[in-house]
Amino acid sequence: MSCRLKAFSALVVSLSLVLPAMALAESSFVDHRGKTITFAKPPERVVTIVRSAPIIYRAVDEKADHIAGMNKDSLVRYFTKGIYAEMLPEMAKVNASAAQDGFVPNVEAILAQKPDAIIQWTHDEKLIEPLERVGLTVVGWQCCSEQDRLDYVTLTGYMTGRNDRAQAILKAQSDILKELDGKVAKLDKAKLPSVLHIDKVADQIQVIANGSQDLSLSGVTNPAADGTGEWWRTVDFEQLLVWNPEIIIIPAYADDLNPKDFFDNPVLASLKAVKDKRVYKQPVFARTPDAPEIFLTSEWLAAIAHGADFAPEFKTQIGDTYKLIYGAALSDEQVKSILETERNAPATRYAELFD
């Protein structure tokens, strides 16, 4: 088992020691700044500035009643259209004045919501200091490792008093990733396929060089990774040809880019991934890398790279996962939409893999 999965399993075990009966008791925990946060009872009015925090808070709390506000970007990205808007229509009614431009807090608007707690990023003290200066309680989240994402669920469990829910969500992830890890461990490490994530194609090509997703969990390699920590790199076609990836993945957020754009581009025609029609659009569950269901992306990519045995009954699993996390009963059409079945139709074996 990988070190990351060992840590994951240990986290789930530790959560199991927290009794659900303590839901209404005082909660004291340490946020990502190392600051101890204490609530006498779960906060009744929470404002989120972190973009994905409303999704996570709604998932763990199982309702939107305690989300008093969010930033405008959260509303526009997730709750005006798409699967979250369909599953969680109540989220579109939440006040979205907490931050108008990125994550810079609108302190006056936040105070008007009379919040008991704020969820905010830790990477810049200027994002937190104005809130604490006026006496608000801030829970700091740091970005953006896979462990950080697990912590978002854990911290939300502490805030809501729903450690039982946090444990259930984390265990679902852990069980699936452990099973996947066992399959990937049997692969020949010298023959793992190369996968390149590309989100812009023009005169220059933008690739994800050092993203936070653990691609080794899917049994693939990333030729663009250089250890610098830089998320994106801009390269020319010659560099792309040197890498010559076996598979190209288009990130879910790249709305204006599809597999067909690669297959119809004569400049890219000599790339192995293009010749083999192994260019795929990521499913919708990868649209926000912090969502509780993001772990499905690892299984999806493993199936793309190695076959359907790496994600058996995947459509059923998507339905079960969304039911657990959001209480949503997805229709067949919604599952197809989540999988980007239509956009991926020209890609090799996509319908066969996820039928």
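Remember, predicted model here, so these are calculated numbers, not experimental data. (Residues numbered from 1 in each chain as written. Predicted model: local features only at pLDDT ≥ 70, side-chain atom pairs only at ≥ 80, totals over all residues. Heavy atoms only, no water.)

Undergrad: It is not clear to me how the packing of helix 8 (residues 163-184) against helix 13 (residues 314-326) should be interpreted in this structure. Could you clarify?
TA: The relative placement of two packed helices comes down to the angle between their axes together with the axis-to-axis distance. Where helix 8 contacts helix 13, the axes come no closer than 10 Å and their chain directions differ by 160 degrees. One element, helix 8, and the other, helix 13, form an angle in the roughly antiparallel class. For the pair helix 8 and helix 13, the crossing hand works out as left-handed. Along the contact surface, helix 8 presents R165, A168, I169, A172 and I176, while helix 13 presents Q317, L324 and I325. Considering only residue class, the contact of helix 8 with helix 13 consists of six nonpolar, one polar and one charged. (Axes fitted to C-alpha atoms, helices over the stretch in contact; angles between N-to-C directions. Helix = DSSP H or I, 4+ residues; strand = E, 2+ residues; numbered from the N terminus. Parallel < 35°, antiparallel > 145°, perpendicular 65-115°, else oblique. Left-handed = near helix turned anticlockwise from the far one by under 90°. Contact = heavy atoms within 4.5 Å. Nonpolar A, V, L, I, M, F, W, Y, C, P; charged D, E, K, R; others polar.)

Undergrad: Explain the packing of aromatic side chains to me, please; I cannot follow it from the model alone.
TA: The description of two aromatic rings rests on the distance between their centres and on the angle between their planes. Going through the model one piece at a time under the given rule, you end up with 15 aromatic pairs. Measuring from centroid to centroid gives 6.3 Å for Y78 and F79, while their planes differ by 70 degrees, and the two rings are edge-to-face. What makes F79 buried here is its relative accessible area of 3%. With 5.8 Å between their ring centres and 40 degrees between their planes, Y322 and Y326 make a pair best called tilted. In this pair, Y322 and Y326 are both assigned in helix 13, four residues apart and thus about one turn of the helix distant. We note that Y322, like Y326, is buried. Within the aromatic cluster, the residues linked to one another by ring pairs are Y78, F79, Y84, Y322 and Y326. Residue placement shows K277 over the ring face of F263; its charged tip is 4.3 Å from the ring centre. (Phe/Tyr/Trp six-rings, centres within 6.5 Å; stacked < 30°, edge-to-face > 60°. Buried < 20%, exposed > 50% of the residue type's maximum accessible area, 1.4 Å probe, protein only. Lys NZ or Arg CZ within 6 Å of the ring centre and 35° of its normal.)

Undergrad: Can you walk me through the nonpolar core in this structure?
TA: Membership of the largest hydrophobic core comes to 76 residues, with the highest contact counts inside it found for Y84, W141, W300, I318, Y322 and Y326. The contact partners of W300, leaving out residues within four places of it in the chain, are I249, Y280, K281, Q282, P283, F285, F314, L339, Y350 and F354. In terms of nonpolar packing, the next biggest core, distinct from the first, is built from 21 residues, F237, L240, A254 and V279 among them. (Core = buried A, V, L, I, M, F, W, Y, C linked by side-chain atoms within 4.5 Å.)

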